[in-house]
Protein chains: 2
Amino acid sequence: MHITKEAIQIAAEKIAPYIHKTPVLTNSSINEITGINFYFKCEQFQKIGAFKIRGGMNASLNLSSAQLQKGVATHSSGNHAQAMAFAGKTLGTKAYIVMPKTSPQVKVDAVKGYGAAVIMCEPNQQAREETLNDIVAQTGATFVHPYDNDDVITGQATCVKELIEEVPELEIVITPVGGGGLLSGTCLGAHYFKPSLKVYAGEPEGAADAILSLRSGKVEKAPFIKTIADGLMTTLSERTLAIIKEHVTDILLVTEEEIIAAMRLLYERMKIVVEPSAVVPFAAAMKHPEFFKGKNVGIILSGGNVDLTKFGEWFPSTIN
Amino acid sequence: MHITKEAIQIAAEKIAPYIHKTPVLTNSSINEITGINFYFKCEQFQKIGAFKIRGGMNASLNLSSAQLQKGVATHSSGNHAQAMAFAGKTLGTKAYIVMPKTSPQVKVDAVKGYGAAVIMCEPNQQAREETLNDIVAQTGATFVHPYDNDDVITGQATCVKELIEEVPELEIVITPVGGGGLLSGTCLGAHYFKPSLKVYAGEPEGAADAILSLRSGKVEKAPFIKTIADGLMTTLSERTLAIIKEHVTDILLVTEEEIIAAMRLLYERMKIVVEPSAVVPFAAAMKHPEFFKGKNVGIILSGGNVDLTKFGEWFPSTIN
């Protein structure tokens, strides 16, 4: 394993001036309903509205000043784009963000709002990578992958470290899994800072690649992609799978209806805005009381960057 | 004035074991956008999801044990109903809640969930009062009015007291105004605990009775009632108007569009769920930078009990 305990400790110190120490919330009515003692680590209140700033900032801070002079680059339509744009602005370096043409205007505006250069491309993986390679070739900027990067994983590991420090009695932690950056970081953080802590992940049935990869031992694609959890559509990398395979207890699937019901419960009872990807672990815990009942369970609420115009679909009027 | 400084101090101590000390949140991006230093007192995180528990609990705690044996009663389709139901459950006394037939099922269920007896009536003021009088005659329960009650006003005053203690540098505080319980309590709290603190209120144009009452000096009705801020449709009482007249700096009107825009900003930037009534003061502050720019402005976010099925109306899809 390349990522050490010390690397995570250093990352936590390095990024601390730039990020929020997010609160851990509990809710007695949700605990009563579920019979589980939940501790919600609220990364929707994090800078840029998601945990991604941890990895993005750590990777950027680890660049040399020669590298920083040439800028940072990535391709993303989601929270990693905002993380790298914010890191660029904060460190005074240019950020080049390749985004698919189909990205919602609000997300493009958010990235531009941090002063990043946005380069549009066709909405497919090949176009993303080619456009990115062109940008890197032209500018000399350093590519920071959203999850297939040790410094990014190390940064994401700081989240569970904070949670363990605040809730020493924690027994289980559950994260969402997309590309596996947060999950692999959480696995390492648990391993180093509280080895008895079990790590689970929640994954949408409509993007069920990680569970297949865990079962087969090699990176698999999802049989189909159809989910409102738009942050979880990517596949694992060899790097994240290797860590996850070694440390995760299990990955649990949830349906779209379960994601929406979980989101509704958090909105109604806790009055917090979270994005669909962020509630997947909570949905998984409610679906599987056999693993979690009576336990102290941490949920990493990974982000709150939600498109409000989707609410009408998710919570339709019952009157019409 | 009947309500003393000591009464508010005692109320704060009495209700403390039953309520949350709600957090005060700040948001650098909202401050940047508006040029105002906002301090958001988050009563949407309060027990029952709104400040109303303060007044309801204080009034209930001030009843004699003979009175408590016979129960408490009120008419409300909103947060005061939940407050009295919760107070009843907590103090082991029966709560009788008269609700209009048109109340959303979720609200009826929430009140029943606290073990209260729900009595349905026709959806008009006369039916509410007659039904309530019948209940009181039958049961001997004590009627706790949602705002025309000194103990209720005293309880609501504890909110600004907490805010002043947490943010001593506060210069202005803004509340919503419906029946005036929160506003009159806030006026008294400011008067006693920080006399230099200016108090403003925000009111919807579609329920503009308080501003007329302030101008004329007597309780007026709104010219028309049409607003999504469903907690602010009631008129002042002589009692609340007398306090407000003496202490408020001004009442500012906002449109429905301004309420929705303010709600959108809090959802998107702060990731918190607030109800339309609760954002009216924030909308008023954004509309009137001439009064608030550069100042330390407290906003009492009064509650977060929102009907998620309304989101589609408030934040319509731009694609269709």
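Because the structure is a prediction, the values reported are computed rather than measured.

(A) Examining the relation of the copies chain B and chain A more closely. Aligned on chain A, chain B shows an RMSD of 0.0 Å; the corresponding rotation is 180° and the shift along the axis is 0.0 Å. Viewed as a symmetry operation, the transformation between the two copies matches a two-fold axis. Nearest to the rotation axis, the C-alpha of Gly312(B) is located 1.8 Å from it, this being the minimum over chain B. A share of 100% of the interface residues of chain B reappears at the interface of chain A, consistent with the copies meeting face to face through the same patch.

(B) Up close: the packing of helix α8 (residues 150-166) of chain A against helix α9 (residues 181-193) of chain A. Residues and elements named next belong to chain A. Across the interface, α8 lies against α9 with an axial gap of 7 Å and an inter-helix angle of 50°. Relative to α9, the element α8 lies oblique. The interaxial crossing formed by α8 with α9 has right-handed handedness. Note on element contacts: α9 touches α8 through Gly181, Leu182, Ser184, Gly185, Thr186, Leu188, Gly189, Ala190 and Phe193, opposite Ile153, Gln156, Ala157, Val160, Lys161 and Ile164.

(C) Just the pattern of salt bridges, in detail. Evaluated as defined, the whole model comprises 24 salt bridges over all chains. In this structure, Glu162(A) engages Lys41(A) in a salt bridge whose closest nitrogen and oxygen atoms are separated by 2.6 Å. With a gap of 121 residues between them, Glu162(A) in helix α8 and Lys41(A) in strand β2 (residues 37-42) connect regions that are remote in the sequence. Just as Glu162(A) is buried, Lys41(A) falls in that class too. A salt bridge links Lys287(B) to Glu258(B), with the nearest nitrogen and oxygen atoms 3.1 Å apart. In this pair, Lys287(B) sits in helix α13 (residues 276-287) while Glu258(B) sits in helix α12 (residues 256-270), placing the two residues 29 residues apart along the sequence. Of the residues examined, Lys287(B) reaches a relative accessible area of 30% and is grouped as partly exposed. Each member of the salt-bridge network shares a partner with another, and the members are Lys41(A), Glu43(A), Arg54(A) and Glu162(A).

Quick notes on the rules
Residues numbered from 1 in each chain as written. Chains lettered and ligands numbered in written order. Predicted model: local features only at pLDDT ≥ 70, side-chain atom pairs only at ≥ 80, totals over all residues. Heavy atoms only, no water. Least-squares fit on C-alpha atoms with pLDDT ≥ 70 in both. Contact = heavy atoms within 4.5 Å. Axes fitted to C-alpha atoms, helices over the stretch in contact; angles between N-to-C directions. Helix = DSSP H or I, 4+ residues; strand = E, 2+ residues; numbered from the N terminus. Parallel < 35°, antiparallel > 145°, perpendicular 65-115°, else oblique. Left-handed = near helix turned anticlockwise from the far one by under 90°. Salt bridge = Lys/Arg side-chain N within 4 Å of Asp/Glu carboxyl O. Buried < 20%, exposed > 50% of the residue type's maximum accessible area, 1.4 Å probe, protein only.

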